[in-house]
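# Fold and geometry: a report
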Amino acid sequence: MKITIKDGPSGEVGEGHTVADALQALGVSLGLDILAARVNGTVVDLSMPLHGDAVIEPLRFDSPEGREVYRHSSTHIMAQAVKELFPTAQLTIGPALEDGFYYDFAYERPFTPEDLEKIEQRAREILKRNLTIRRRELSKQEAIEFFKARGEHYKVELIEGFPEGERVSVYSQGDFVDLCRGPHVPSTGHVGALKLLSTAGAYWRGDERNPLLQRIYGTSFPTQAELDTHLARLEEIKRRDHRKVGKDLDLISIHDEIGPGLVLWHPKGAMIRLQIENFWREQHLNAGYELVYSPHVARLDLWKTSGHVDFYRENMFAPMKVEGSDYQLKPMNCPYHIMIYKSHLRSYRDLPLRYGELGTVYRYERTGVLHGLLRVRGFTQDDAHIFCLPDQMEEEVSRVLDFTFYMLRTFGFTEFEVFLSTRPKESVGSDEHWEQATSSLEAAIKKRGVTYRVDQGGGAFYGPKIDIKIRDALGRSWQCSTIQVDFNNPQRFQLHYVGEDGKPHQPIMIHRALLGSIERFVGILIEHYGGAFPTWLAPVQARVMNITDRQRDYVSSVSADLKTAGFRIETDLRNEKIGFKIREAEKAKVPFMLVAGDREVQGKTLSVRRRNGTNVGDLTVSEVITLLRAEAAQPYQYSQPSQGGGLSFPSCA
RNA sequence: GCCCACGUAGCUCAGUCGGUAGAGCACGUCCUUGGUAAGGACGAGGUCACGCGUUCGAUCCGCGUCGUGGGCUCCA
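About the cut-offs
- Residues numbered from 1 in each chain as written.
- Chains lettered and ligands numbered in written order.
- Predicted model: local features only at pLDDT ≥ 70, side-chain atom pairs only at ≥ 80, totals over all residues.
- Heavy atoms only, no water.
- Helix = DSSP H or I, 4+ residues; strand = E, 2+ residues; numbered from the N terminus.
- Buried < 20%, exposed > 50% of the residue type's maximum accessible area, 1.4 Å probe, protein only.
- Contact = heavy atoms within 4.5 Å.
- Areas by Shrake-Rupley, 256 points an atom, 1.4 Å probe, with all protein chains shown as cover.
- Lys, Arg positive; Asp, Glu negative; His and termini not counted.
- Charge placed at Lys NZ, Arg CZ, Asp CG, Glu CD.
- Pairing = 2+ DSSP bridges.
- Axes fitted to C-alpha atoms, helices over the stretch in contact; angles between N-to-C directions.
- 1 Å grid on protein atoms, 1.4 Å probe; cavity = no way out; pocket = protein on both sides within 12 Å on 5 of 7 lines; lining within 4 Å.
- Points joined across faces, edges and corners; volume = space filled by probe spheres on them.
- Arc of directions from axis to C-beta.
- Near = heavy atom within 4 Å.
- Polar contact = N/O pair within 3.5 Å; in protein donor to acceptor, adjacent residues only side chain to side chain.
- Nonpolar A, V, L, I, M, F, W, Y, C, P; charged D, E, K, R; others polar.
- Phe/Tyr/Trp six-rings, centres within 6.5 Å; stacked < 30°, edge-to-face > 60°.
- Lys NZ or Arg CZ within 6 Å of the ring centre and 35° of its normal.

Attention shifts here to the overall build of chain A. In terms of regular secondary structure, chain A is built from 19 helices and 34 strands. Across the 653 residues that make up chain A, the buried fraction comes to 51%. Within chain A, contacts between residues at least 6 apart in sequence are counted, and of these 69% link residues at least 24 apart. Carbon and sulfur atoms make up 50% of the accessible area of chain A, which totals about 30200 Å². Distance between charge centres in chain A, computed from 82 positive and 88 negative side chains, equals 4 Å.

Shown next as structure tokens:
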């Protein structure tokens, strides 16, 4: 049979030889780096026998598939260690994750940190044993018998769920045997460095009615150095945690006395937020939006009409009684914007109408899911609703996409992932509507030349949507922006406009949020920048400090001048050494430190130091103003054209 | 909501095998006037999350409540 190595030689290899044989026969040396192979498109074990012509691509740790095999084998090694140390623990499932793995065990008690250490040690020992990993296939019945005999009841349950007649694969290494689809690395020695990270409870099959299992998380890399780099990254993530940085920089707080998920914005946090909001409002006005405000409560009847009471109740705070009728704290802004639309008879000539609001909403989130600023109960959406004619939809979506990329780039994000979510099983609206809306969304994405993925059935019940995820400085992705078409509300609220034909027609409604929620977005920004905000967002842009008391008056007057010039300035006149003041300003992540001693007073200058430690040198006050002005400018200048076109940022992928 | 862990000064944490507590930083006063990441002295600061129980006595033990953290989606 003819075997071809991808991007390499090809040749004849005897029938029934394994992938490993074939690789070797064609001159690929089988080091520990080759973990598995893709054969004619399928990822398989190196020990798999070949029948017929094939194209083979050896897989190493540098490919996503190679990594997955690697981590999957790693979790088996950990499971073997657990079984050796805790024989009564039962195996359940143990998949690879993006940068690690976990395994869930049924065990009578949680694993302690001491257990974890022992398991890790034992797992390392198993690597050293370099046990061969073997694949075997059994019939469904044989597999059930086999795992029953071993007391692995969860495995039995899994196999019982498999289709009749299916062959079941089983992998073994030494005495350890696990039900597994595979593939795996050839031997336990192929895993280089392994580290267990944490334990947690997890429900069998993710359902809280099921028994609680003991999950162990870990990760593995070919070398200790790579593992160390990864662990250092985890440390960095911890160091940048917005909850810690938010406290250290005195930006926000959350108090028991106020309630979980309810955020207080301290002056510095509020200043950052104010900059974001000012920018947001200004840009929305430029982009043809009209800004509106709406109250925090409304009669429950409004939320009945909108369908929230039927479809969203579990996320809403309980209604309150006022003068005998029920009022509801708002979980969304849309019904109010709809009411503004309805306050007039609208003509097709009025459309599109774009109503934007930084609208604060309240949603009941289960206590267990609350998380700092990222998941809260009261938050402000950068919300807008666009009411348009059906044939304006594509253009409107296209403009929103453009606008989104511009906003996100301004805040320092350069990598985006775009998802198009289509009709879910439970949904309202006609097929034609869905089809038309979905294709408009898709056309708008394509027009922007953006790569995207389709999330089949991931749309809201009321319409398809586009979600945009950003990647932060540490490579994590976050969903912020969403653009959703809504068929439901125009129907429920009987929205219409008078068409050219003089007859009423239903407008299309588009919900959109670019930053998502301000709380969440600021949380993400804090972590993205590690608290060191760019000058245009920094709550304090420069701190002016004197070296001795002799410069007090000079520093005060210079500070006043800088404030008059429009900058956010703090003055540090404390009786402390300059080194100490610099240290404090560094810790507060102030972008510029302006120091005045006798020399500077003499020359009417300031010694300018950047947050990163570089010395800019002595500048006059007007030079400082010029410098700060340049530094405090937003990174992109943009004006939304009045009609059509639009500035696009095609490098988003 | 569920499981596990945690809750001690403004912050970070130590401590008490049950006899009402301690450090560093921050804060205040004083000394020091020092040139780019920590000058010194003294001082003030705590209902040990809250409630109930056990006990002669609870910050410590038990139960409950509240809150925080990790997790509960990524298919053998």
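Picking up after the structure, the text goes on.
On to the sheet that holds strand β33 (residues 605-610). Pairing is mixed across the open sheet formed by five strands, whose spatial order is β31-β30-β32-β33-β34. In this open sheet, the two strands that pair with only one neighbour each are β31 (569-572) and β34 (615-620). Strand-to-strand twist across the sheet, computed as the mean angle between neighbouring axes with direction ignored, equals 25 degrees. With four bridges joining them, strand β32 (residues 592-596) and β33 adopt antiparallel strand pairing. Considered in β33, the bridge of M593 is made with R609. Lying on the sheet, helix α17 (residues 578-587) is in contact with β30 (542-546), β31, β32 and β33; it crosses β30 at an angle near 170 degrees.

Attention now moves to the pairing of strand β21 (residues 353-362). The element β21 is extensively covered by neighbouring structure, given that nine of its ten residues are classed as buried. Relative to β21, strand β16 (residues 290-291) runs parallel, the two sharing two bridges. Counted as the bridge partner of L291 is G356 from β21. The sheet contact formed by β21 and strand β22 (residues 378-388) spans ten bridges and is antiparallel. Within β22, the position partnered with L358 by the bridge is D382.

In this structure, the largest pocket encloses a volume near 940 Å³. In this structure, the largest pocket is lined by 35 residues; those nearest its centre are Y312, M332, R363, Q381 and Q484. If you list the elements that add at least two residues to the lining of the largest pocket, you get α10 (308-311), β22, β25 (465-471), β26 (477-486), α14 (488-492) and β29 (508-517). Looking at the second largest pocket, its volume works out to about 770 Å³. Lining of the second largest pocket is provided by 27 residues; of these, E98, D99, G100, H230 and R233 occupy positions nearest its centre. Secondary structure elements with two or more residues in the lining of the second largest pocket: α2 (64-85), β7 (96-97), β8 (100-106), β12 (193-203), β13 (212-221) and α6 (224-239). Ranked by residues supplied to the lining of the second largest pocket, first place goes to α6 with eight residues.

Further remarks concern helix α4 (residues 140-149). Within α4, burial applies to K140, A143, I144 and F147. For α4, the arc enclosing every buried residue in end-on projection is 100 degrees, short of the 170-degree limit, so these residues lie on one face. At its buried positions, α4 is contacted by β9 (133-138), α5 (153-160), β10 (168-173) and β11 (176-179).

Neighbouring RNA strand B are 52 residues; F162, L179, G206, N575 and S607 lie closest to it. Sugar plus phosphate: this is where 53% of the atoms of RNA strand B within 4 Å of the protein reside. Contact distances for RNA strand B include 3.1 Å between a phosphate oxygen and a side-chain N or O atom of K247. Elements supplying a minimum of two residues to the surface near RNA strand B: β12, β13, α7 (242-248), α17, α18 (598-603) and β33. The element that contributes the greatest number of residues to the surface near RNA strand B is α17, accounting for six residues. Partitioning the surface near RNA strand B into residue classes produces 21 nonpolar, eleven polar and 20 charged.

What follows deals with the packing of aromatic side chains. Taken as a whole and judged by the stated rule, the model has 25 aromatic pairs. Between F61 and Y70, the ring centres sit 4.8 Å apart and the planes meet at 75 degrees, which makes this aromatic pair edge-to-face. Connected via pairs of aromatic rings, a cluster forms that spans F279, Y406, F411, F413, F521 and W536. For the cation-ring pair, R136 lies above F146, with the distance from its terminal atom to the ring centre recorded as 5.6 Å. In this structure, R346 packs its charged tip against the face of Y341, placed 5.4 Å from the ring centre.

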